[in-house]
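Each chain, letter by letter, is given below.
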Amino acid sequence: MSVATTNPPPQLQAPAVRAISYVGVLLFALGALLPIFLPGHAWIAALRWAGLLAIASTGLWRQSLTRWIFFAMLLGGEIGLDRPQFAEHLRVLSEIFLRLIKVIVAPLIFGTLVTGISGNGNLRSVGRIGLKSLIYFEVVTTLALFLGVAAINISRAGEGLVISPPTAAAPLPNTAPLRWDDFLLHIFPENIAKSVAENQILQVAVFAVLFGIALARVSEATRVPLLKFCESLTATMFSFTNLVMYFAPIGVGAAMAYTVGHMGIGVLLPLGKLLLTGYCALIAFLLLILFPISRIARIPLGRFVKAVAEPATIAFATSTSEAALPRAMEEMEAFGVPRRIVAFVIPAGYSFNLDGSTLYLALASIFVAQAAGMHMGWSEQLLMVFTLMLTSKGVAGVPRAVLVVLLATAATFHLPTEPIFIILGIDALMDMARTAVNVIGNCLACAVIARWEGELVDNPVTATLP
């Protein structure tokens, strides 16, 4: 009996902690919705703060980085609403976090790819994994494209929008269409230091693949020292990632505060229909495409959701896939995917498996056509979005890449630019959702390829790092 009385507290606390969390989220959501109907009441803000305090208290009982990141997102949004001028000054904290993350990406990709290829000893399996990955990427992104086209044609969010050109338009980026030969040339680095400095993930990955193949071909005496260096580099960068992740709640909260404080809420109202269409389409993509794929591949759904929760949350809050890349690679390895598959599939997916961005490109391009009163048939719509999908693969790593691609392709299909400037009003919120879907899609691709290779460990002994 004495043992029974000393052990139960953690089990007894779990339902209470969950209940308090739900109450906190409910209070905050209620306080966020009430201003629509009852503006100007101070007690509504107090309701939101009560919800935040409830969520924070559960974080003290059950230490979880994901929980604190979620709390920081809500707190950042509240600061952005209540103190927008102060929130704009918090941007420096989010920039610090993003810089710390970006400095991890290139050495982590280099170390994991070289270790996975040269340490594997079977170059034929690397080529097989690459072919399977590309087939999977193109099938899934095509499904995302069709879903985006269907969603915007059902909602017809762009119809009836009154277009008024901006009074002082910012200079457009280079809008020359990216040809296939330009994209092919862009894949290969001319200077690895330049590729690292410009954060060109695909170029770093190509260099690492070639370096790993070359290292696997030399004698063992030459290979072992460099291989050990790359293994040490990889382990160190994972440890570096864990250190940086302790700063994640601050960086994420600051990013959310700046976004809400800078944009405000009223600017989103004219584009609410497009925003709702985008989120519904992305949720439908998760439920109708990624979920069946996970079932077909026999992916343990509960463990997978737990593994991707933190990377997806970071991607959602920061609107940057790079911020989630180190943690995503670490979590998928802990999930049971061999390191050599993680090291190849996830970096390659950042250029070839942008599910959320592809879906959003379909939405945004047809929205622009609808807003301009252009009636495009299904064949014209599909041609346009397929072109956008291909050109988007050449600008992975460019901030707000989909808007750059959309502007670059507008002239080709005679689309006006005014609706594109209007979309800029909600791009920050849409970017959060599509980036999170990109990360989830790449993590699932990693697990599916591992299952396809027969190398997914269903009950890994490696524990997920804090």
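For the structure given in this document, a descriptive report is provided here. As the structure is a prediction and not an experimental result, all values here were calculated from the model.

## Things to note about a nonpolar patch on the surface
Inference 1: Together, Val-92, Ile-96, Leu-100, Val-103 and Phe-240 make up a nonpolar patch on the protein surface, roughly 380 Å² of accessible area in all.
Inference 2: It is helix 6 (residues 91–118) that provides the largest number of residues to the nonpolar patch, a total of 4 residues.
Inference 3: Considering the arrangement of structural elements, one finds Val-103 in helix 6.
Inference 4: Taking relative accessible area as the criterion, Val-103 reaches 48% and is therefore assigned partly exposed.

## Some thoughts on the packing of aromatic side chains
Inference 1: In this structure the tally under the stated criterion is 7 aromatic pairs.
Inference 2: Seen in terms of ring centroids, Phe-110 and Phe-211 are 5.4 Å apart; in terms of plane orientation they differ by 55 degrees. Their pairing is tilted. In this pair, Phe-110 is assigned in helix 6 and Phe-211 in helix 10 (residues 201–217), connecting sequence segments 101 residues apart.
Inference 3: The class for Phe-211 is partly exposed, based on a relative accessible area of 27%.
Inference 4: A centroid spacing of 5.9 Å and a plane angle of 75 degrees characterise the contact between Phe-304 and Phe-335, whose relative ring orientation is edge-to-face. Taken as a pair, Phe-304 in helix 14 (residues 301–318) and Phe-335 in helix 15 (residues 321–335) lie far apart in primary sequence, 31 residues in all.
Inference 5: Its relative accessible area of 6% is what places Phe-304 among the buried residues.
Inference 6: By the ring-pair criterion, three or more aromatic residues cluster together here, those being Phe-110, Phe-207 and Phe-211.
Inference 7: If you follow Arg-303 out to its NZ or CZ, it ends over the ring of Phe-335, 4.5 Å from the centre.

Conventions and cut-offs
Per-chain numbering applies: the sequence of each chain, read as written, is numbered from 1 onward. In keeping with the model being predicted, local features are shown solely for residues with a pLDDT of at least 70 and side-chain atom pairs are shown and tallied solely at 80 or more, while totals for entire chains, interfaces and linings include all residues. For side-chain calculations, the full set of non-hydrogen atoms in the structure is used, while hydrogens and water are omitted. Patch membership requires more than 30% relative accessible area and the absence of a salt bridge. Residues of like charge join within 9 Å; the nonpolar side chains Val, Leu, Ile, Met, Phe, Trp and Tyr join within 5 Å. Per-residue and other accessible areas were derived by the Shrake-Rupley procedure at a 1.4 Å probe size, with only the shown protein chains allowed to occlude residues. Every case where a carboxyl oxygen of Asp or Glu lies within 4 Å of a side-chain nitrogen of Lys or Arg is listed as a salt bridge. Labels follow the DSSP assignment, with helices taken as runs of H or I lasting at least four residues and strands as runs of E lasting at least two, numbered in each case from the N terminus. Residue burial is assigned from relative accessible area. The probe radius is 1.4 Å, only protein chains are included, and a residue is buried under 20% of its type maximum, exposed over 50%, and partly exposed in between. Pairing of aromatic rings covers Phe, Tyr and Trp, the last through its six-membered ring, and needs centres within 6.5 Å; plane angles under 30 degrees mean stacked, over 60 mean edge-to-face, and all others mean tilted. Throughout this description, the term charge over a ring refers to an Arg CZ or Lys NZ atom that lies within 6 Å of the ring centre and within 35 degrees of the ring normal.

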